[in-house]
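Architecture and fold: a report
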Amino acid sequence: MTLMIDPPAVPSRGRMWSHLASDESYAELHMFARELGIPERGFDRDHYDVPAEWYDEVLARGVEPVSSRELVSRLVAAGLRRRKPH
């Protein structure tokens, strides 16, 4: 599994959020999100937004903790980064 998650550092809607991504495939990412119970609406272009209270559970399932910078770098290197349209 090549899933990774950054620390919950993005404030939105009264919570802090992490980003869950895969540097292998979107299929791997979607399958894990379904198994964890993350709603499809949590998917944003190339990652899932995950609330801070789920962070420890995601790590307990073997997902690699990485910095936000490393997460983006690995997505770019894998050709899986999808930027917001301008």
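Described below are features of the structure shown in this document. The shown structure was predicted, so the numbers you read here are calculated from the model rather than taken from an experiment.

Counting residues in each nonpolar core, the largest one holds 13 residues, and the members touching the most others are Leu-20 and Val-58. Where this core is concerned, the elements lending two or more residues are strand E1 (3-5), helix H1 (26-36), strand E5 (47-51) and helix H2 (55-60). In this structure Leu-20 touches Met-4, Ile-5, Leu-29, Phe-32, Ile-38, His-47, Tyr-48, Val-50, Val-58 and Val-63, once residues within four positions along its chain are discounted. Ranked by size, the runner-up nonpolar core spans seven residues in total, among them Val-66, Leu-71, Leu-75 and Leu-80.

What follows concerns the pairing of strand E3 (residues 15-22). Regular strands place side chains that alternate from one sheet face to the opposite one. With six of eight residues buried, E3 is to be regarded as a mostly interior element. Relative to E3, E1 runs antiparallel, the two being bridged by three bridges. Looking across to E3, one finds that Leu-3 is bridged to Ser-22. Both strand E2 (residues 10-12) and E3 contribute to a ladder of three bridges, which runs antiparallel. Each residue of the ladder has a partner; that of Ser-12, found in E3, is Arg-15. Connecting E2 to the antiparallel partner E3 that follows it, the hairpin turn spans two residues, and Arg-13 within it adopts a positive phi of roughly 50°. Judged from the four bridges that link them, E3 and E5 form a sheet pairing that is antiparallel. Within E5, the position partnered with Ser-18 by the bridge is Val-50.

Now for the environment of Ile-5. Among the secondary structure elements, Ile-5 is positioned in strand E1. On the basis of relative accessible area, Ile-5 is assigned to the buried category, the value being 0%. Ignoring sequence-local partners within four residues, the contact set of Ile-5 consists of Ser-18, His-19, Leu-20, Val-50, Tyr-55, Val-58, Leu-59, Val-63, Glu-64, Pro-65, Val-66 and Leu-71.

Conventions and cut-offs
- Residues numbered from 1 in each chain as written.
- Predicted model: local features only at pLDDT ≥ 70, side-chain atom pairs only at ≥ 80, totals over all residues.
- Heavy atoms only, no water.
- Core = buried A, V, L, I, M, F, W, Y, C linked by side-chain atoms within 4.5 Å.
- Buried < 20%, exposed > 50% of the residue type's maximum accessible area, 1.4 Å probe, protein only.
- Helix = DSSP H or I, 4+ residues; strand = E, 2+ residues; numbered from the N terminus.
- Contact = heavy atoms within 4.5 Å.
- Pairing = 2+ DSSP bridges.

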